[in-house]
Amino acid sequence: MEMNNINVVDQVHDPTKSPSGLRILWKEIVRDKLALVSLIFLIVISLSVFTISLVLDQDEIVKVDLFAINEPPSEEFILGTDYGGRDVFGQLIIGTRNTMLIGIAVTLMSGIFGVAFGLIAGYFGGHIDNALMRVLDFFQILPFTMLVIVFVAIVPKYTIFSFALIFAAFSWMGIARLIRSKALQEKELEYIKASQTLGTSHPKIIFREMMPNISSLIIVTMTLNLANNIGIESGLSFLGFGFPETTPSLGTLLSYAMNPQTLEHRWWIWAPAAVMILVLMLAVRNVGEALRRATDARQRRG
Amino acid sequence: MAILEVTNLKVYFPIKAGIFNRTVDYVRAVDGVSFVLEEGKTYGLVGESGSGKTTTGRAIIGLEKVTEGKIVFQGKDITKKRARTRELNRNMQMIFQDPYSSLNPKKRVLDIVAEPLRNYEHLSKKQEKMRVQELLELVGLSPESILKYPHEFSGGQRQRIGIARAIALKPKLIIADEPVSALDVSVQAQVLNFMKDIQKELGLTYLFISHDLGIVKHMCDEIAIMYKGRHVEQGTKEDIFERPQHIYTKRLVAAIPEINPRHREKQFQFRKEVEKEYDAAYDDYFNKDGLAYQLQKISDTHLVALPEKG
Amino acid sequence: MKFMWKFIVRRIIITFPQLILLSVLLFLMAQAMPGDALTGLIDPNVPEEVKEQRREELGLNDPWHVRYVDWVSGIVKGDLGQSFRFKMPVTEVVTDRVINSFWLSLVTLVFTYLIAVPLGMLSGRYNNTLLDSAITTYTYIGFATPIFIFALVMVWVFGYNLGWFPTSGSVAPGLEPGTMEYYLSKFYHLLLPALSMALIQTVSTVQYLRSEIIDTKQKDFIITARAKGASESRVYNRHIFRNSILPIAAFFGYEITTLITGSIFVERIFAYPGMGQLFIESVLLRDFSVVNAVVLLFGIAMILGALLSDIILSIVDPRIRIK
C-alpha cells in the first residue's frame, strides 16, 4: 500500500521529466529481480571477457594446428578445438568481446544518426518533416538483411569498420521514427517556445533543451536495439557476411555447425556460442524492458 | 509614443484534406486585428478561449507565421521573420501561461534565467551568476536557489522564475499570455502586483492577454475585446467598463462576479436583462457568419464593431 | 466509407515512387558490382575488341538513364538478365526457386496462425493464470531468439539426433515428379523448416492477439452479451474472437518481410533450394545478375505485402487510418 502511494506522488511530479529520471531508471532495475540478475550477469560477463581476452593471444588462437583438429573438450582445450585445430574457448571469449563491441558500436552509430534525424524532423515539422519522413519510409521498405549482405559483398577493402557502417546505415530508422513522434509532442511545450523567444538558436534548442527531456526514451530504445543488433550481427557472421573468419565472433563459431559432422557430433564447437548469443540477447532485453517499464509510470512494478 | 503598431493582422491555419493533402480551407484564428500600444502602458487583450488572443500575442513575438497585415515594433516593420533583428527580438519578451511546462525541467534555475543572457551578453561565469542572483532577488526569490530545479518550486514561484527570465535582458515590451491563470487565486494577486511594480521600475510596456475581466480591470490602461479572431470593442478601461457599447462586451462585463452580497440580487437581475438583450439583439451585432463587424469610432479612444449605418 | 477510399487510393499512389526508388537503387547497385550484363553471356577469353563491339551492340555504353530504361523495360517483359553461373536466363534460374520458396512460405504462414490463434486466445482468456504465464514466457523468449539459432537446434534435435525429418533438400532423390510419393516427400521436407520459422515468427501475433482479447473483454458490448445470458464459450468464440481475429488476419502482408528474412537463414540451414538459398549462393559466387533479380523480387514482394496489409487493415480496423 505504501509503495503505491509513492508511485502516485511520482506520477504527479512526472519523474521522466525531473532530473532524478536516471535515478528512477536505476531503482526500477533494482526492484525487478530478473533485470537485476541480467545486469549483474552482463557486468560480470563483460569484465571477465575483456580481462581474459587481454591475457589471450589472438594470433595464437586463430593459428591453424593440424595436429589438434576437432578435439573434444579436454584439460588443454576447455571447449575442444575446431576443424582447424583452433581453441574454441579462446575463440568464444574473443568472439563474445567482438560481438559485444560491434553491437555497441552499431547501436551507437545508428542511434546517434537516428536520434538526430528524428529530433530535426520532429522539431521543425512541416515540409522538413515531410521530406525527411519520405526518406525514412523508403529506407524502411528496403529488404534490410539482403542489402547489407550485398553491400558487404561488393565493398572494396572490406573491414570491420565498413561492416559497422553498412549495418548502421540500414538500421537507424526505427529509433528515428520513435524519437520524431516524441519530438513532435515535445516541441509544443512552452519551454521550447520560450527558448525560441529568448534568442536561442535552433541547434541549441534541439540538442540542449529538447534532447535531455527525451533522454530516457533514447536510453530505453538504444538498449533494446543493442539486443537486436547482437542477434543480427551474429546472423550475418553466421552466413559469412559479418566478421572475416580470421576475427573470431560468435556467429562465425556458430557457422561451423553448417558442417553436418560438426553439427551432429561436435556440439562443443557451436553450442557454447549459441547459448552465449541467446543469453546475451535475453539479458540486454531484460534490462531494456525494465527500463521501459520505469519510463512508463503506468507499467511500473513499484 | 507608440512602441507597437499592429495593422490588420491575420493569422490563418490551413485545413488539409483529400488525397493529396491539399489545403481546402482555413481556420481564421486572427482575422484582421489592429491596435496600438503606447510605451509604458498596459494593453489588455480579452476573449474566451479560441478567440485568437493567444495567437495574436504569438504572432507578434514571431512564434506564429503572419498570413497578412503589418506589425511595427519600435518603428521597424517586423512582419517578416527575416526583418527581426537580434536587437529587436531582445527588446520583446514573453511570459508564458503554464509555469509548469514553460521551464525546462532538466535545467537548474541558474541555467534557465541565464539563457537569454548567454544569447545576448557575453558575461563571465561570475558576472552571470551575480546577474541571475540579482534578478531572482528582484522577483522575490532567494538568491540561494539558483542551483535548484524547477520541480522544487511552487507554481507561483515558478512563474516568478519565468518573469525573471523575461526581464533579464531589460526588454521594452513584454507579452504576458495569461500569466496567472494557472495559479491559485491566492497567489494571483501577489504575482500581478509584482508585475505592476517591476513595470514602474523598468518602464515596461505590457501586452496583457487574459480571459478574466476582473484581472484586466486591475492591470490594464487600454483594453480590446476579442471574439472569433476579431475585435468587437476597444477603448480605455473606463470606456469598456463604464460605457460598454457592444452586446458581447456588455455580457462579459455583466458576468464579473459581484463581491458585495447586498448587490447580489441586483446583479443577478442585471445579468438576466443583459442575457435577454443579447439573445434579442444578436443579429444586430454580428454578421451572418456570426462574426463581428468592422470597428467604428464612437469617441477618440473608443471603437466598437457595429454594422455600417445606412 | 469515403474516407476509406481516399486512404486506399493514397496508399496505392505512394507505392509507385517506392517501386521506382527500389529499382533505381538496385540499378545503381548493379553498376557498382563488378562485371556487367556481358559477363554472363560471353566466354571470358574472347579478345577485348570483340567484347567492346558486343558491348556497343547491347547498348552497354549508352548513358545511364537510357540503360536504366532498357533495364526496367526488360524486367517488365520478364527479362532479368543472364546468370553467369548457370549460363542461362535468370528468369529460368529463379522460377523453380520461387515455387519452392512460395510453398515454404505458405506452410510457414499456416503454421504461424495455427499456433498463434489457440495460444493467443487461451492466453487472453485466462490472463494472469499459470497457463498465461507459460505462454507469455514462451513469447518473451521466442521474441529474443534469433531464427538461425532456433533452426539450427531444431535440425540438430529432430533431424540428426532423432532422425524424424530430412535435413536437406526439397524432395527425396529418385522420385518421379507428379507422383503421390513425390508430393508427399516435398511436404515432408517442408515441415521442419516451416515449423522452425513459424514457432519464432508466431510470437508477435500471439502477443498481439492476447492484448487484443484482454482489451475486448472489457468492452461494453461484451459485458452486454454476458448480461443477456450468453454462455462464456459463446462470448469468446463468437464475439471476442470475431473482433480480434480480423486485424490478425490482415497482418499477413507484413509477415512477408519476416518470412523473407527468415527464409534466408532457414533455407541455408536446411539446404532447401529456395530463393533465400539462391541469394546466398549467388552472392558467394558473385553471380550478381541473379543477386539483383532476387533482391528485386523480394523487395517488390515486401512493398506489395505492406500495401496489401495496409489496405485490409484500413477496412477492418478504422483506427489504423488515422496514421
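Just so it is clear, the structure is predicted and the values come from calculations on it, not from any experiment. (Residues numbered from 1 in each chain as written. Chains lettered and ligands numbered in written order. Predicted model: local features only at pLDDT ≥ 70, side-chain atom pairs only at ≥ 80, totals over all residues. Heavy atoms only, no water.)

Regarding the overall build of chain B
Here is step 1: When its secondary structure is counted, chain B shows ten helices and twelve strands.
Here is step 2: Against the 2.2 N^0.38 benchmark of 19 Å for 310 residues, chain B shows a C-alpha radius of gyration of 21 Å, consistent with a compact globule.
Here is step 3: For chain B, the spread of C-alpha atoms along the three principal axes comes to 70 × 60 × 45 Å.
Here is step 4: Scored against the burial criterion, the 310 residues of chain B give a buried share of 51%.
Here is step 5: Here the analysis covers contacts within chain B between residues at least 6 apart in sequence; of these, 63% occur between residues at least 24 apart.
Here is step 6: Across chain B, the centroid of the 48 positively charged side chains sits 5 Å from that of the 42 negatively charged ones. (Helix = DSSP H or I, 4+ residues; strand = E, 2+ residues; numbered from the N terminus. Rg over C-alpha atoms; globule rule 2.2 N^0.38 Å. Buried < 20%, exposed > 50% of the residue type's maximum accessible area, 1.4 Å probe, protein only. Contact = heavy atoms within 4.5 Å. Lys, Arg positive; Asp, Glu negative; His and termini not counted. Charge placed at Lys NZ, Arg CZ, Asp CG, Glu CD.)

Looking at the packing of helix 7 (residues 144–154) of chain A against helix 11 (residues 275–284) of chain C
Here is step 1: Close contact between helix 7 of chain A and helix 11 of chain C brings their axes to 10 Å; oriented N to C, the two are set at 15°. Classified by the angle their axes make, helix 7 of chain A and helix 11 of chain C are roughly parallel. Our pair here, helix 7 of chain A against helix 11 of chain C, has a crossing hand that is right-handed. When helix 7 of chain A is examined against helix 11 of chain C, the residues A:Met146, A:Ile149, A:Val150 and A:Ala153 are found in contact with a partner set consisting of C:Phe279, C:Ile280 and C:Val283.
Here is step 2: The class makeup of the residues in the contact of helix 7 of chain A with helix 11 of chain C is seven nonpolar, no polar and no charged. (Axes fitted to C-alpha atoms, helices over the stretch in contact; angles between N-to-C directions. Parallel < 35°, antiparallel > 145°, perpendicular 65-115°, else oblique. Left-handed = near helix turned anticlockwise from the far one by under 90°. Nonpolar A, V, L, I, M, F, W, Y, C, P; charged D, E, K, R; others polar.)

Comments concerning the sheet that holds strand 5 (residues 76–77) of chain B
All names here are of chain B.
Here is step 1: An order of 2-1-4-5 is seen for the four strands of this open sheet, with the pairing classed as antiparallel. Strand pairing shows two members of the sheet lacking a second neighbour, strand 2 (22–38) and strand 5, which therefore form its edges.
Here is step 2: Pairing of strand 4 (residues 68–73) with strand 5, which is carried by two bridges, proceeds in the antiparallel orientation. Note that in strand 5 the partner of Phe73 across the bridge is Lys76.
Here is step 3: Sheet strands in contact with helix 1 (residues 53–61) are strand 1 (2–17), strand 2 and strand 4, and its direction is about 110° off that of strand 1. (Pairing = 2+ DSSP bridges.)

Some details on the pairing of strand 1 of chain B
The side chains of a regular strand alternate, first on one face of the sheet and then on the other.
Here is step 1: For strand 1 of chain B and strand 2 of chain B, the ladder comprises 13 bridges, and the chain directions are antiparallel. Considered in strand 2 of chain B, the bridge of B:Leu4 is made with B:Leu37.

Considerations on the environment of A:Leu278
Here is step 1: Residue placement: A:Leu278 occurs in helix 15 (residues 267–295).
Here is step 2: The exposure class assigned to A:Leu278 is partly exposed, which follows from its relative accessible area of 23%.
Here is step 3: For the pair A:Leu278 and A:Ala227, spaced 51 residues apart in sequence, the C-alpha to C-alpha distance is 9.6 Å.
Here is step 4: The residues contacting A:Leu278, other than those within four sequence positions of it, are C:Ala144, C:Thr145, C:Pro146 and C:Ile149.

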